[in-house]
Amino acid sequence: MTSTSRADPRPLSPHLQIWRFHITMASSITHRITGTALYFGTFLITAWIVALATNAEWYGVIETVVSAWYGQIILFLWAVAVLFHFANGIRHLLWDGPHIGFEPKTASTVSVFIYLFAILGAAAIFAATTWL
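Definitions and cut-offs
Counting restarts for each chain: residues are numbered from 1 in the order of the written sequence. With pLDDT at 70 or above as the cut-off, local features in this predicted model cover only qualifying residues; side-chain atom pairs require 80 or more to be listed or tallied, and sums for whole chains, interfaces and linings still use all residues. Hydrogens and waters are ignored; side-chain quantities use all the structure's heavy atoms. Put simply, buried Ala, Val, Leu, Ile, Met, Phe, Trp, Tyr and Cys residues joined by side-chain atoms within 4.5 Å make one nonpolar core. Here the term buried applies to any residue with accessible area under 20% of the maximum for its type, exposed to any over 50%, and partly exposed to those in between, with areas from a 1.4 Å probe on protein chains only. A run of H or I in DSSP counts as a helix once it spans at least four residues, and a run of E counts as a strand once it spans at least two, with each numbered from the N terminus. Contacts are assigned to residue pairs with any non-hydrogen atoms lying within 4.5 Å of each other. How far a helix is expected to stretch is found by multiplying one less than its residue total by 1.5 Å. Between N or O atoms, a polar contact is any pair within 3.5 Å; within protein, one atom must be a potential hydrogen donor and the other a potential acceptor, and residues adjacent in sequence are included only when both atoms are from side chains. Two rings belonging to Phe, Tyr or Trp (six-membered ring only in the last case) form a pair when the distance between their centres is within 6.5 Å. Interplanar angles under 30 degrees mark stacking, angles over 60 mark edge-to-face geometry, and anything in between is tilted.

### A few points about the nonpolar core
Right, on to step 1. Residues V66, L75, A118 and A122 are the most contacted members of the largest nonpolar core, which totals 14 residues.
Right, on to step 2. For this core, the secondary-structure elements that each account for two or more residues are helix 1 (23-54), helix 2 (56-67), helix 3 (69-96) and helix 4 (104-131).
Right, on to step 3. When residues of this core are assigned to their parent elements, the largest contribution, 6 residues, is made by helix 3.
Right, on to step 4. When near neighbours in sequence (up to four residues on either side) are disregarded, A118 contacts V80, L83 and F84.

### Quick word on helix 2
Right, on to step 1. With 12 residues, helix 2 ought to run about 16 Å at 1.5 Å a step, and its terminal C-alpha atoms sit 16 Å apart, in line with that.
Right, on to step 2. Of the residues flanking the start of helix 2, the one acting as N-cap is N55, its side-chain oxygen 3.0 Å from the backbone nitrogen of E57.

### Describing the packing of aromatic side chains
Right, on to step 1. This structure, assessed with the given rule, holds 6 aromatic pairs.
Right, on to step 2. Measuring from ring centre to ring centre gives 6.4 Å for W48 and Y59, while their planes differ by 40°; the resulting arrangement is tilted. Of this pair, W48 sits in helix 1 while Y59 sits in helix 2; the two residues are 11 residues apart in sequence, bridging distant segments of the chain.
Right, on to step 3. The class for W48 is partly exposed, based on a relative accessible area of 30%.
Right, on to step 4. In this structure Y59 comes out as partly exposed when scored by relative accessible area, which is 26%.
Right, on to step 5. Relative to Y70, the ring of W69 lies with its centre 5.6 Å away and its plane at 85°, an arrangement referred to as edge-to-face.
Right, on to step 6. The exposure class of Y70 is partly exposed, given its relative accessible area of 39%.

Shown next as structure tokens:
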């Protein structure tokens, strides 16, 4: 039996060069990015908890990093990622389960709401921890 190499007759899936940009596409991409970012932020939180439980010197080092301006930015972005990934996960559950929110206008509105929820929610969390 001889094997000849033929091109696959199936059509190629359209990619970013073909599709017009829309907010639900950005939301899908952001969901993947925040899912990955949650791993790295969780390492910082885990290091802080382990240092708290084990060694006062390491706790001081981690506390210095977390309380510095760059640590605060990392924690803020981690909070945004947590809230975005959470809210977008609920949207996907509604899409997959009862098939709610597939209309383009509804999907776009919900995507904008999720971005606002994540940013304003993280700002509210940081404001509450600063003022209390």
